[in-house]
Amino acid sequence: MVKRELYLKEIRPFYESEMVKVITGIRRCGKSTLLRQIIDEVRDAQVPEERILYLNFEDYKFKAYCEPGAFYEYVESKLTRQEKYYLFFDEIQNVDEFELVVNSFRATHDVSIFITGSNSRLLSGELATHLSGRTVSFRILPFNFKEFCQFHEDRSDYDQLLAEYMKWGGFPLVCKEKEERSKEILLSNIYDSVVLKDIVMRNKVTSPQALERVLDYLVGNSSVTVSGNKISEAISDKHQKVSAPTVYDYIKYVEEACICDKIPRYDIRGKKQLAFEEKVYVCDLGFFYLKKNRVKDEYNYIVETICYNELVTRGYKVYVGKTYRGEVDFIAQRGQEKIYVQAAYYLTDESAVEREFGAYRVIEDNYPKYVVSMDKVPLSRDGIIHKNLIDFLLER
């Protein structure tokens, strides 16, 4: 089992906190495994078993407790001592009015509560209303490349591992499979499950076919600038017209299901966020492989998507940088730290080198600037650091 240390080190300081720990991420990305790793660490701190309670609301055994009254009564029956309890509720979005029940436990008992969900709306909607200021959130993604290599700990052929990761992504279930056909079947099942359970059913989508067209477009065009009008034109035909407002609704549902991120542009000179020409990045390259519709420059988009997801996994808030001469792929901020990243497949000639390094010429600040590519020959120049993609992903 891969220890999700990147996330654990962020969550550990809150193990004893009364803040509700909210862990979100796409289905099958490893949230339940992470929760079990937290439980193991709580046990290692000599907390008795009777003060640890775990409920997985996708397990039929707990189906009766998806009703809020039954959920409340069951947990209350376990909180019998005047001591601290540790409560773990997995896939809690399956419980009606769960936020009222969770808030009641928090308000009336000495508890540390951890909840997971496959929809980011847990934070912006239900929980925000009743637990305003009392939650701390953590976004989980499928394995990044470093974790992917840890999963394949018996191998050290990083070039081949990267090729596999670029194609099949980092869903733990997919990583376990040896045969490519099995990987593809699993990826398709995860994709379909997310679409059905976390988008169609949750949002009562009346036209699943239109939603699927929008989603396939977004996933297959990872790292490309999107707009509702552009997508509407691309996917509408004589049989079905999908309006731009409908497209925007579907994009919101896709974001909430943690399939794709839509990231804004940031005007570097004006130091302000821009409300147009956003880019979309898929959370896992396996989905891109399933739905891709490009051949030309495909690997440039793959490298850009890998770098975006890596920055998010490391806890950065990411923007696309806008300059008066063009753009920088990523501005990444984490607290007071700020870095710039340009991502490319290979810098095949001097014009490619000029394109990637020249993007920084109009940026006058002194924050670290990186160009990440597959090239193994060091190309750093003018204070701009060149990183081979594998070295960047493995933090070497």
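These lines cover the structure that appears in this document, whether it is placed above or below.

Quick notes on the overall build of the chain
Logical step 1: Summing up its helical and strand segments, the chain has 17 helices and 13 strands in all.
Logical step 2: Taking 21 Å as the expected radius of gyration for a compact globule of 396 residues, we find that the chain reaches 22 Å, a close match to that expectation.
Logical step 3: Taking the principal axes of its C-alpha atoms as reference, the chain extends roughly 70 × 55 × 50 Å.
Logical step 4: Within the chain, the proportion of its 396 residues that are buried is 53%.
Logical step 5: Considering only residue pairs separated by 6 or more positions, the chain has 65% of its internal contacts joining residues 24 or more positions apart.
Logical step 6: By element, 47% of the accessible surface of the chain is carried by carbon and sulfur atoms, the whole surface being about 18,700 Å².
Logical step 7: Charged side chains in the chain number 58 positive and 63 negative. The centres of these two groups are separated by 2 Å.

Focus: the pattern of salt bridges
Logical step 1: Inspection of every chain in the model, using the stated rule, returns 34 salt bridges.
Logical step 2: With its nearest N and O atoms 2.9 Å apart, the salt bridge here joins Glu 41 to Arg 12. Remark: Arg 12 occurs in the loop between α1 (5–11) and β1 (20–24) and Glu 41 occurs in helix α2 (residues 31–44); sequence separation between them is 29 residues.
Logical step 3: The buried category is assigned to Glu 41, whose relative accessible area is 15%.
Logical step 4: Residue classification places Arg 12 among the partly exposed residues on the basis of a relative accessible area of 29%.
Logical step 5: Glu 304 serves as the salt-bridge partner of Lys 279, at 3.1 Å between the closest nitrogen and oxygen. Here Lys 279, found in strand β8 (residues 272–282), pairs with Glu 304, found in helix α15 (residues 298–313); they are 25 residues apart in sequence, far enough to count as distant. Taken as a pair, Lys 279 and Glu 304 share a single burial class, namely buried.
Logical step 6: Connected through shared salt-bridge partners, Lys 3, Glu 5, Arg 12 and Glu 41 make up one network.

A short note on the sheet that holds β1
Logical step 1: Strand order in this open sheet of five strands is β2-β3-β4-β1-β5, and the pairing throughout is parallel. Because the sheet does not close on itself, it has two edges, and the strands there are β2 (52–56) and β5 (135–139). Strand-to-strand twist of the sheet, defined as the mean angle between neighbouring strand axes without regard to direction, takes the value 15°.
Logical step 2: Summarising the sheet, strand β3 (residues 85–90) and strand β4 (residues 111–117) pair through five bridges and their orientation is parallel. Residue pairing in the sheet places Tyr 85 in a bridge with Val 111 of β4.
Logical step 3: The sheet contacts of α2 involve β1, β2, β3 and β4, and relative to β3 the element is tilted by about 170°.
Logical step 4: Contacts from helix α4 (residues 98–108) reach β1, β3 and β4, with the element oriented near 160° to β4.

Thoughts on the pairing of β4
Logical step 1: Most of β4 is tucked away, with seven of its seven residues classed as buried.
Logical step 2: With respect to chirality, the unit in which β3 leads through α4 into the neighbouring parallel β4 is right-handed.

Looking at α15
Logical step 1: The terminal C-alpha atoms of α15 lie 23 Å apart, and with 16 residues this matches the ideal 22 Å at 1.5 Å per residue to within 8%.
Logical step 2: Of all 16 residues making up α15, 13 are buried, and the element is well covered by its neighbours.
Logical step 3: Directly after α15, the chain includes Gly 315, whose backbone phi takes a positive value near 95°.

What about the side chain of Lys 338?
Logical step 1: Within the secondary structure layout, Lys 338 lies in strand β11 (residues 337–343).
Logical step 2: Ignoring anything within four residues of it in the chain, the contact list for Lys 338 reads Ile 331, Ala 332, Gln 333, Asp 365, Tyr 367 and Pro 368.

Rules behind the numbers
- Residues numbered from 1 in each chain as written.
- Predicted model: local features only at pLDDT ≥ 70, side-chain atom pairs only at ≥ 80, totals over all residues.
- Heavy atoms only, no water.
- Helix = DSSP H or I, 4+ residues; strand = E, 2+ residues; numbered from the N terminus.
- Rg over C-alpha atoms; globule rule 2.2 N^0.38 Å.
- Buried < 20%, exposed > 50% of the residue type's maximum accessible area, 1.4 Å probe, protein only.
- Contact = heavy atoms within 4.5 Å.
- Areas by Shrake-Rupley, 256 points an atom, 1.4 Å probe, with all protein chains shown as cover.
- Lys, Arg positive; Asp, Glu negative; His and termini not counted.
- Charge placed at Lys NZ, Arg CZ, Asp CG, Glu CD.
- Salt bridge = Lys/Arg side-chain N within 4 Å of Asp/Glu carboxyl O.
- Pairing = 2+ DSSP bridges.
- Axes fitted to C-alpha atoms, helices over the stretch in contact; angles between N-to-C directions.
- Right-handed = clockwise from strand over helix to strand, strands pointing away.
- Expected span 1.5 Å × (residues − 1).

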